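In case you want the letters, here they are:
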Amino acid sequence: MCTIAQIYSRAISVLIIFISLMLLPISLTWAADYFLGPGDVLKITVYDNADLETVTRISDDGNIIMPLLGQVKVEELSVSQASKHIASLLADGYIIKPQVNIFVQEFRSKKAVILGQIQRPGVMEMSGPVTLLELISKAGGLASDYGETASIKRKNSSAKDVILIDLNSLIEGGDVSQNIDIRDGDTIYIGKAGMCYVTGEVRSPNAYRCGDKITVLKLIALAGGFTGNASKSSVRIVRIVNGEKTLYKAVKLDTLIQPDSLLIVQVIFFVYTPHTYI
């Protein structure tokens, strides 16, 4: 019998695969932004100049051999950038306004490392353009306790050059600008979600994923809402930092909650006041 966490994890994985398929036409257009490297096989054509058509493999030093031009450096250029680069070289004394088209006939094998809250962390083999969502799907999907942020570090970049991805915007909001392309040598880390604990007069007391933008009201909604005996004006938050416990009383419902907080919804007290009859 599947646990709630397993069902949730499978649902997230199915969602990611669905989104990846929905975004497939978009990702295909990104082939023009695929970054070239040693081992890629290119078919290069120049409009109305059939004698310049060539099929060439990028050498280990990042060069190709092009008729009229000889060696041309294309490593770390995108397909569209390489097309413009070759066109500019041909326009310099060879052809008037050349139109260059590059088709990648064979993609080199690339590798990226994905770690953190993912079903199958490790080294992933890639061929051709691969987006973040496609890589997550290839790694089995996100774990049930994934956080709000993924970080991507490019190969040979400095420690400060880290790309941050808002996973909530990408997965829940459908922000395709967050679905960036993954390059050879990238290291991707999926952060872990903070947990908040809800107890007292709520319908489903339990631990729930929470980030930096969740309010008391939203967390109570995740816990099924107030019971009929709940005192909405007597919500408390307990936080333990460095072994020190801090209690916040009469917390407003729009208060932002930090991860690892304990939210207590107290019972409403009815005070019986006997009537005096004259």
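Conventions used here
Residues numbered from 1 in each chain as written. Predicted model: local features only at pLDDT ≥ 70, side-chain atom pairs only at ≥ 80, totals over all residues. Heavy atoms only, no water. Pairing = 2+ DSSP bridges. Helix = DSSP H or I, 4+ residues; strand = E, 2+ residues; numbered from the N terminus. Axes fitted to C-alpha atoms, helices over the stretch in contact; angles between N-to-C directions. Salt bridge = Lys/Arg side-chain N within 4 Å of Asp/Glu carboxyl O. Buried < 20%, exposed > 50% of the residue type's maximum accessible area, 1.4 Å probe, protein only. Phe/Tyr/Trp six-rings, centres within 6.5 Å; stacked < 30°, edge-to-face > 60°. Lys NZ or Arg CZ within 6 Å of the ring centre and 35° of its normal. Expected span 1.5 Å × (residues − 1). Arc of directions from axis to C-beta. Contact = heavy atoms within 4.5 Å.

Caption draft 1: Up close: the sheet that holds strand E16 (residues 244–248). Reading across from one edge, E14-E13-E17-E15-E16 is the order of the 5 strands in this open sheet, with mixed pairing throughout. Two strands in the sheet have a free side with no partner beyond their single neighbour: strand E14 (206–210) and E16. In this sheet, adjacent strand axes meet at a mean angle of 25° when their direction is disregarded. In this sheet, strand E17 (residues 261–267) lies alongside strand E13 (residues 194–200) in parallel orientation, the contact comprising 4 bridges. Bridge pairing in E17 places Gly-200 opposite Val-265.

Caption draft 2: How the structure looks around the pattern of salt bridges. With the rule as written, the count across this model stands at 8 salt bridges. Between Asp-186 and Arg-154 there is a salt bridge, with the nearest N and O atoms lying 2.3 Å from each other. With Asp-186 in the loop between strand E11 (181–182) and strand E12 (187–192) and Arg-154 in the loop between strand E9 (146–153) and strand E10 (162–166), the pair connects residues that are 32 residues apart, well separated along the chain. As far as the burial class goes, Asp-186 and Arg-154 line up, both buried. One salt bridge connects Lys-155 with Asp-184, and the closest N-O pair in it is separated by 3.7 Å. Within this pair, whereas Lys-155 is found in the loop between E9 and E10, its partner Asp-184 is found in the loop between E11 and E12, the two being separated by 29 residues in sequence.

Caption draft 3: Structural view of the packing of aromatic side chains. Inspection of the entire model under this criterion finds 1 aromatic pair. Look at Tyr-34 and Phe-107: their rings are 4.9 Å apart centre to centre, the planes differ by 85°, and that puts the pair in the edge-to-face class. Of this pair, Tyr-34 sits in the loop between helix H2 (24–29) and strand E1 (41–46) while Phe-107 sits in the loop between strand E5 (100–106) and strand E6 (109–116), and the two are 73 residues apart along the sequence. Sitting over the ring of Phe-35, Arg-183 keeps its end group 3.9 Å from the ring centre. Geometry around Tyr-146 places Arg-209 over its ring, the cationic atom sitting 4.4 Å from the centre.

Caption draft 4: Local environment of helix H3 (residues 79–91). Here H3 contains 13 residues, and its C-alpha end-to-end distance of 18 Å stays within 8% of the 18 Å for a straight helix at 1.5 Å per residue. Within H3, burial applies to Val-79, Ala-82, Ser-83, Ile-86, Ala-87 and Leu-90. Summarising the axial view, the buried residues of H3 lie within an arc of 135°, below the 170-degree limit, and thus occupy one face. Next to the buried residues of H3 lie E1, strand E3 (63–66), strand E4 (70–73) and E5. Two residues or fewer past H3, Gly-93 is found with a positive phi of approximately 100°.

Caption draft 5: A look at unusual backbone geometry. A positive phi angle, close to 70°, is found at Glu-76, a residue other than glycine. Along the chain, the position of Glu-76 falls in the loop between E4 and H3. For Ala-250, which is not glycine, the phi torsion reads 45° and is therefore positive. One can find Ala-250 in the loop between E16 and E17.

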